[in-house]
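Residues per chain are reported as follows:
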Amino acid sequence: MSNPWHLYAMAAMYMFAGLMHFIKPKMYLRIMPRYLPNHKLLVYLSGLAEIVLSIGLCVSTTKNLAIYGIILMLIIFLLVHVYMLSSKKAAAGIPKWILVLRIPLQFFLMYWAYYYL
């Protein structure tokens, strides 16, 4: 455990988020942009990606690759966050101000990952 504790906190956050894709898939299916195909598969693949990348953060030989993967994943997830701002139904009952705040949060999460390169 030569990495700082906050890197492991990030890994735990992505592990939890990834597991939630399998525990509560309906929550993620509701917010999938209509223009993307095969929503269920994409929800499971994104959850799997978060789990694999979280493990990769904890292994010194894969840490940098996992960081780039997380940044790419967060860029792709921006599609969902912008889509959720497009209509009340897509917002899934989340207040608009929270949806707006999630956009800069994505960029903060990208910076947080980049910090460990």
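This text goes with the structure placed above it.
Worth saying up front: this structure is predicted, and the values here are computed from it rather than measured.

Concerning the overall build of the protein chain
Inference 1: Within the protein chain one finds six helices and zero strands.
Inference 2: In sequence order, the protein chain lays out its α and β elements as α-α-α-α-α-α.
Inference 3: Over its C-alpha atoms the protein chain spans a radius of gyration of 15 Å, differing by no more than 12% from the 13 Å that the globule rule assigns to 117 residues.
Inference 4: Dimensions of the protein chain, computed from the C-alpha atoms along their principal axes, are close to 45 × 25 × 20 Å.
Inference 5: Buried positions account for 39% of the 117 residues belonging to the protein chain.

Focus on the layout of surface pockets
Inference 1: Quantified by volume, the largest pocket comes out at close to 920 Å³.
Inference 2: Of all the secondary-structure elements, those providing two or more residues to the lining of the largest pocket are helix H1 (5–23), helix H2 (25–29), helix H3 (39–57), helix H4 (63–84) and helix H6 (96–114).
Inference 3: Take the lining of the largest pocket: its biggest share by element is eight residues, from H4.
Inference 4: Partitioning the lining of the largest pocket into residue classes produces 25 nonpolar, four polar and three charged.

Observations regarding unusual backbone geometry
Inference 1: Phi is positive for Asn38, which is not a glycine, with a value near 45 degrees.
Inference 2: Take Asn38: it is sitting in the loop between H2 and H3.
Inference 3: Judged by its relative accessible area of 52%, Asn38 is exposed.
Inference 4: Even without glycine at this site, Ala92 takes up a positive phi of about 55 degrees.
Inference 5: Take Ala92: it is sitting in the loop between helix H5 (88–91) and H6.
Inference 6: Judged by its relative accessible area of 25%, Ala92 falls in the partly exposed class.

Some remarks on the nonpolar core
Most often, soluble globular proteins keep nonpolar side chains buried together rather than apart.
Inference 1: In terms of nonpolar packing, the biggest core is built from 19 residues, with Met10, Tyr14, Leu57, Ile70 and Leu74 touching the most fellow members.
Inference 2: Of all elements in the fold, only H1, H3, H4 and H6 reach the threshold of two or more residues within this core.
Inference 3: Among the elements that line this core, the one with the most residues is H4, at eight residues.
Inference 4: With residues near it in sequence (within four places) discarded, Met10 still touches Leu57, Ile70, Trp112, Ala113 and Tyr116.
Inference 5: Ile31, Val80, Met84 and Ala91 belong to the second-largest nonpolar core, a separate cluster that totals five residues.

Points about a nonpolar patch on the surface
Inference 1: A grouping of Phe22, Leu41, Leu45, Leu48 and Val52 is seen on the molecular surface, where their side chains present a nonpolar patch of about 440 Å² in accessible area.
Inference 2: Of the residues forming the nonpolar patch, the biggest block, four residues, is contributed by H3.
Inference 3: When you line up the elements, Val52 lands in helix H3.

Here we look at the environment of Lys88
Inference 1: Position of Lys88 relative to the elements: it lies in helix H5.
Inference 2: Remark: the alpha-carbon pair of Lys88 and Phe77, spanning eleven residues in sequence, is separated by 19 Å.

Analysis parameters
Residues numbered from 1 in each chain as written. Predicted model: local features only at pLDDT ≥ 70, side-chain atom pairs only at ≥ 80, totals over all residues. Heavy atoms only, no water. Helix = DSSP H or I, 4+ residues; strand = E, 2+ residues; numbered from the N terminus. Rg over C-alpha atoms; globule rule 2.2 N^0.38 Å. Buried < 20%, exposed > 50% of the residue type's maximum accessible area, 1.4 Å probe, protein only. 1 Å grid on protein atoms, 1.4 Å probe; cavity = no way out; pocket = protein on both sides within 12 Å on 5 of 7 lines; lining within 4 Å. Points joined across faces, edges and corners; volume = space filled by probe spheres on them. Nonpolar A, V, L, I, M, F, W, Y, C, P; charged D, E, K, R; others polar. Core = buried A, V, L, I, M, F, W, Y, C linked by side-chain atoms within 4.5 Å. Contact = heavy atoms within 4.5 Å. Patch = residues over 30% accessible without salt bridge, like charges linked within 9 Å, V, L, I, M, F, W, Y side chains within 5 Å. Areas by Shrake-Rupley, 256 points an atom, 1.4 Å probe, with all protein chains shown as cover. Salt bridge = Lys/Arg side-chain N within 4 Å of Asp/Glu carboxyl O.

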